[in-house]
Amino acid sequence: MSQVAEPATAEQAAQQIQRFRKDVRRLRDEIARVIVGHEEIVEGVVIALLSGGHVLLEGVPGLGKTMLVRTLAEAIDLSFSRVQFTPDLMPADILGTNMLVEEESGRRRFEFQRGPIFAHIVLADEINRATPKTQSALLETMQEQTVTVAKTTYQLPQPFFVLATQNPLEMEGTYPLPEAQLDRFFFKLRVEFPSSEALHTILDRTTSQTSVHATKVLGGPELLELRSLVRQVPVARTVQDYAVRILIGSHPDAEQAQKALGKVEKTDRNDLVRRFVRYGASPRGAQALLLGAKVLALLDGRFAVSCADVAKVARPALRHRLILNFEGQAEGVSTDDIISAIISRTPEAIPGTARS
């Protein structure tokens, strides 16, 4: 696997940023040839892909979630696998199982038959239609990127990227994803209904004789190099502190949250946290904030992260990591509104501290 050397000079950094933006632009343009609208969704998927994380796409059926994943797989020269999650799907149907095979000599032995999880890009379609037992089969694969069967551990191919789609939980026949699995998703993106103009374009492309497909514009080694460059982007201590204070601000009982956010009046919007949140985001949320912000900085032509980059990725990075209490669920409170309240009450720098 090739690695990107850390830039020694500003000129080298500028060249690497230029190549990064060029490769990402080619990928996004190729996806846009097939996917109409959903620019923010495409950007979120690309950010997570370059950060080394997984994505959960939520939306009602028919909005093109599966088509987006297929198009991404067509645009990248990597192996692709699709798993349709159903209530009768078992973990072995995803991971694989040991099968008894007979050799030519007549001797029998167990041989591991790999499941569809052994691919670079895995589409877990309608993941919340499977039972929690089957959903939990992805926990190890998404975190350690390994599969353990019968005390034997198998390494998944690199890069490994899971894109899961789900229908809203209020629809019949769905099972809520466990919090532990939700936390393993880098971003949660909500796919909205397209505009009337986008609908016209969709109909023009899908009801005619000609069909549009993406061509491969990026390879596996190139993707790994892009990921390596993302890790090299520096983050100032003040920016990292801003991300930490946003994360702590999502915890209703954290003392540091009140100190970081300052004294809050009872009528302040930040009361949403103390009133409706049961548990705040985990440290994985802070990792998603910084890695997503690094990608945004590179896409903007900068080799340094700003607080604005962190704030921009806060909603997709944290919305699925906040656990609402009973009152929040009963009143239908949006976690996006809570995150907006946290951002509005979190200053980019604490008064009295020096910027570095």
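Residues numbered from 1 in each chain as written. Predicted model: local features only at pLDDT ≥ 70, side-chain atom pairs only at ≥ 80, totals over all residues. Heavy atoms only, no water.

### What about the overall build of the protein chain?
Helix and strand content of the protein chain: 17 helices and 13 strands. By residue count, 50% of the 356 residues in the protein chain fall in the buried class. (Helix = DSSP H or I, 4+ residues; strand = E, 2+ residues; numbered from the N terminus. Buried < 20%, exposed > 50% of the residue type's maximum accessible area, 1.4 Å probe, protein only.)

### Some words on the sheet that holds strand S6 (residues 121-125)
Taken in spatial order, the 5 strands make up an open sheet running S3-S6-S9-S1-S10, and their pairing is parallel. Strands with a single pairing partner mark the edges of an open sheet, and in this sheet they are strand S3 (80-84) and strand S10 (187-190). Across the sheet, the mean angle separating the axes of adjacent strands is 15 degrees when strand polarity is ignored. Sitting on the sheet, helix H2 (residues 39-51) touches strand S1 (55-58), strand S9 (161-166) and S10, and the angle it makes with S10 is about 170 degrees. (Pairing = 2+ DSSP bridges. Axes fitted to C-alpha atoms, helices over the stretch in contact; angles between N-to-C directions. Contact = heavy atoms within 4.5 Å.)

### Some words on the confidence of the model for the protein chain
Confidence in the prediction for the protein chain averages 83 pLDDT; 89% of positions are at 70 or higher. Considering only residues more than four positions removed or in separate chains, one finds that residues 260-270, a stretch of pLDDT under 50, has 22 contacts. (pLDDT = per-residue confidence, 0-100.)

### Quick look at the nonpolar core
Phe20, Leu27, Val45, Leu57, Val310 and Ile338 are the most contacted members of the largest nonpolar core, which has 78 residues in total. The element best represented in this core is helix H13 (residues 283-299), accounting for 11 residues. Among the nonpolar cores identified, the runner-up in size contains 27 residues, and Phe112, Ala130, Val149 and Leu156 belong to it. (Core = buried A, V, L, I, M, F, W, Y, C linked by side-chain atoms within 4.5 Å.)

### Overview of the pattern of salt bridges
Once their charged atoms are close, side chains differing in charge can pair, the charge on each being opposite to the other. Scanning the model with the defined rule gives 16 salt bridges in all. Among the ionic pairs, Asp23 bridges to Arg26, the shortest N-O distance being 3.1 Å. You can see Asp23 and its partner Arg26 sitting in helix H1 (residues 10-32), 3 residues apart, about one turn around the helix. Via salt bridges that share partners, Glu58, Lys188, Arg190, Arg319 and Asp336 belong to a single interconnected network. (Salt bridge = Lys/Arg side-chain N within 4 Å of Asp/Glu carboxyl O.)

### Overview of the pairing of S9
Along S9, 6 of the 6 residues are buried, which leaves the element largely enclosed by surrounding structure. Of the two faces of S9, the one holding Phe161, Leu163 and Thr165 and the one holding Val162, Ala164 and Gln166 are both buried throughout. The pairing of S1 with S9 spans 4 bridges and is classified as parallel. Residue pairing for S9: Val55 is matched across the bridge by Leu163. Pairing analysis gives 4 bridges linking S6 to S9, with the strands arranged parallel. Residue pairing in the sheet places Leu123 in a bridge with Leu163 of S9.

### A few points about unusual backbone geometry
Cis geometry is adopted by the peptide bond preceding Pro159, which originates at Gln158 and carries an omega value of -5 degrees. Residues other than glycine seldom take positive phi values, yet Glu126 does so here, at roughly 50 degrees. The phi torsion at Gln145 lies on the positive side, around 60 degrees, for a residue other than glycine. Note on placement: Gln145 falls in the loop between helix H6 (138-143) and strand S7 (146-149).

### Thoughts on H13
Every α-helical turn comprises 3.6 residues, leaving residues that sit three or four positions apart pointing alike. Between the first and last C-alpha of H13 there are 25 Å, a value that for 17 residues agrees with the 24 Å anticipated at 1.5 Å per step. By the criterion of burial, H13 is predominantly enclosed, with 14 of the 17 residues buried. Looking one or two residues beyond H13, the residue adopting positive phi is Gly301, at roughly 85 degrees. (Expected span 1.5 Å × (residues − 1).)

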